[in-house]
Amino acid sequence: MAWQWFHRLGSPRWFYEKTTPWLPWLAVISAALIITGIVWGLAFAPADYKQGNSYRIIYIHVPAAFLALAGYYIMAISGAVGLIWKMKLPYMVMKSAAPIGAILTFISLVTGSIWGKPTWGTWWEWDARITSMLILFFLYLGMIALQQAFQHRDTADKASAVLALVGMVNIPIIYKSVDWWNTLHQPATIKFTSKSSIDPSMLYPLLVMVIGFYVFYALVLLLNTRIEVLRRENRTQWVNDLVANPK
Amino acid sequence: MKFQFDSLADFIAMNGHGPFVWAAYAITLAALIFLVVSPVLQKKAFFKQQEKMQKIARQQLEGQGAD
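Residues numbered from 1 in each chain as written. Chains lettered and ligands numbered in written order. Predicted model: local features only at pLDDT ≥ 70, side-chain atom pairs only at ≥ 80, totals over all residues.

**Student:** What is the right way to look at the overall build of chain A in this model?
**Tutor:** Along the backbone of chain A there are ten helices and zero strands. Going from the N terminus to the C terminus, chain A shows its helices and strands as α-α-α-α-α-α-α-α-α-α. The 247 residues of chain A split such that 39% are buried. Of the contacts formed within chain A by residues at least 6 apart in sequence, a portion of 76% connects residues at least 24 apart. (Helix = DSSP H or I, 4+ residues; strand = E, 2+ residues; numbered from the N terminus. Buried ≥ 20, exposed ≤ 12 C-beta atoms within 10 Å, placed from the backbone. Contact = placed C-beta atoms within 7 Å.)

**Student:** I would appreciate a short explanation of the interface of chain B and chain A in the present structure.
**Tutor:** Of the residues lining the interface, 27 residues belong to chain B; the matching set on chain A comes to 32 residues. For the side of chain B that touches chain A, the element with the highest residue contribution is helix H2 (residues 18-66) of chain B, accounting for 20 residues. In terms of residue class, the side of chain B that touches chain A is built from 18 nonpolar, seven polar and two charged. (Nonpolar A, V, L, I, M, F, W, Y, C, P; charged D, E, K, R; others polar.)

**Student:** What should I look at first to understand the confidence of the model for chain B in this one?
**Tutor:** Caution is warranted with low-pLDDT regions, since their predicted coordinates should not be read in detail. In this model, chain B carries an average pLDDT of 90, and 96% of its residues clear a pLDDT of 70 or more. Interface confidence for the predicted complex, expressed as ipTM, amounts to 0.90; the pTM equals 0.92. (pLDDT = per-residue confidence, 0-100.)

**Student:** Looking at this model, I keep getting lost on the environment of Asn15(B). Mind explaining?
**Tutor:** Position of Asn15(B) among the secondary structure elements: in the loop between helix H1 (8-13) and H2. Separated by ten residues in sequence, Asn15(B) and Phe5(B) place their C-alpha atoms 9.8 Å apart. Apart from the residues lying within four places of it in its own chain, the contact partners of Asn15(B) are Gly52(A) and Asn53(A).

**Student:** What am I meant to see in the nonpolar core here?
**Tutor:** A general tendency of soluble globular proteins is for nonpolar side chains to be buried together. Ranked by size, the top nonpolar core spans 66 residues in total, and within it Ile57(A), Ala64(A), Met75(A), Ala97(A), Ile100(A) and Val220(A) carry the most contacts. Elements with a contribution of two residues or more to this core: helix H3 (22-44), helix H4 (58-85), helix H5 (88-120), helix H6 (128-149), helix H7 (153-167) and helix H9 (200-232) of chain A together with H2 of chain B. Beyond its immediate chain neighbours, meaning those up to four positions away, Ala64(A) contacts Leu104(A), Ile107(A), Ser108(A), Thr111(A), Phe213(A) and Thr28(B). (Core = buried A, V, L, I, M, F, W, Y, C linked by C-beta atoms within 7 Å.)

**Student:** For this particular structure, what's the right way to read the packing of H3(A) against H9(A)?
**Tutor:** Angle between the axes and distance between the axes are the two parameters that describe a pair of packed helices. Residues and elements named next belong to chain A. Viewed as axis vectors pointing N to C, H3 and H9 meet at an angle of 150°, and their least axial separation amounts to 8 Å. As the angle between them shows, H3 and H9 are arranged roughly antiparallel. Every pair of crossing elements has a handedness; the one defined by H3 and H9 is left-handed. In contact with Trp22, Leu23, Leu26, Ala27, Ile29, Ser30, Leu33, Ile34, Thr36, Gly37, Trp40 and Gly41 of H3, H9 contributes Pro205, Val208, Met209, Ile211, Gly212, Val215, Phe216, Ala218, Leu219 and Leu222. Across the contact of H3 with H9, the residue classes break down as 17 nonpolar, five polar and no charged. (Axes fitted to C-alpha atoms, helices over the stretch in contact; angles between N-to-C directions. Parallel < 35°, antiparallel > 145°, perpendicular 65-115°, else oblique. Left-handed = near helix turned anticlockwise from the far one by under 90°.)

**Student:** It is not clear to me how unusual backbone geometry should be interpreted in this structure. Could you clarify?
**Tutor:** Negative phi characterises most residues that are not glycine, and trans characterises most peptide bonds. The backbone of Lys86(A) sits at a positive phi, close to 50°, despite the residue not being glycine. Here Lys86(A) is to be found in the loop between H4 and H5. Positive phi, close to 50°, is recorded for Met14(B), a residue that is not glycine.

**Student:** Quick question: what am I supposed to make of H4(A) here?
**Tutor:** Two residues of an α-helix separated by three or four positions point the same way, owing to the 3.6 residues in each turn. Under the 1.5 Å per step criterion, the end-to-end length of H4(A) is 40 Å for 28 residues, consistent within 8% with the ideal 40 Å. Phi turns positive, to about 50°, at Lys86(A), one or two residues after H4(A). (Expected span 1.5 Å × (residues − 1).)

Laid out in structure tokens, this is it:
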């Protein structure tokens with residue numbers, strides 16, 4: 001009885017029906033936070049005394065990089081849950097997380113590159129942080145490719161879950177890269193254990209953007225997982241009923 | 001909190017960093033919009049396809065009944 005919630009959590013139908021009312025809320029909250037953060041960061045936060053206005057890219061670069069990493073955790077943990085408890089839903093979450101993570105990693109690489117040109121004088125540098133993020137991008141692409149490579153759904157899910165778990169090795173390397181190798185990329189700006197090296201007037205809009213990106217990620221992951229649920233359950237009665245009477 | 005620029009032109013130019021900042025924001029926004037629009041379109045396509053299949057199934061069922 002105590003485990004009932006856990007098994008219900010593994011039911012794709014329960015998940016689909018439960019998350020339907022969440023979507024408009026997530027959409028409104030993420031849009032409000034992201035728009036507020038962008039206006040604040042672009043127009044009202046003070047310019048950096050050293051980097052001038054180019055630093056304003058931080059308000060999209062850092063949230064995108066945060067979510068690229070958080071998304072990897074979600075993907076790998078879902079894969080592990082799928083492997084251990086042989087549940088269907090976690091695999092659907094894992095599969096949906098891969099393209100979203102790839103796009104967020106791509107955003108952080110591209111915005112970082114654009115930020116690098118006026119700041120460091122180069123579009124690209126084989127710096128430890130940048131290189132490990134590029135590897136993260138390839139891991140996400142590998143996940144997408146592996147999902148397509150198998151005829152059987154089950155084999156594809158298991159193989160991708162193993163890849164996601166092996167790829168976890170890269171995550172601490174990304175975090176520690178700015179401390180282990182003293183290269184171009186600046187160290188972390190926001191620290192949870194000590195004082196952040198950023199003024200509150202610049203930090204608050206950044207926090208708004210980070211929270212906005214988290215809510216946005218939740219929305220997009222739900223939307224994609226729900227499609228995956230429908231596709232994999234397309235022969236069940238409840239999906240047929242849903243198609244016949246869309247709510 | 002105050003607007004950090006003297007004029008709109010100043011805001012767009014961003015002391016010469018304008019092209020970099022605006023390009024970064026434009027690419028990001030385009031990617032975010034794609035992330036939301038893509039599953040919405042896929043869902044529409046899924047429902048359309050399933051409706052078609054249900055229709056075919058119904059017609060086959062009716063055809064058998066007429067024999």
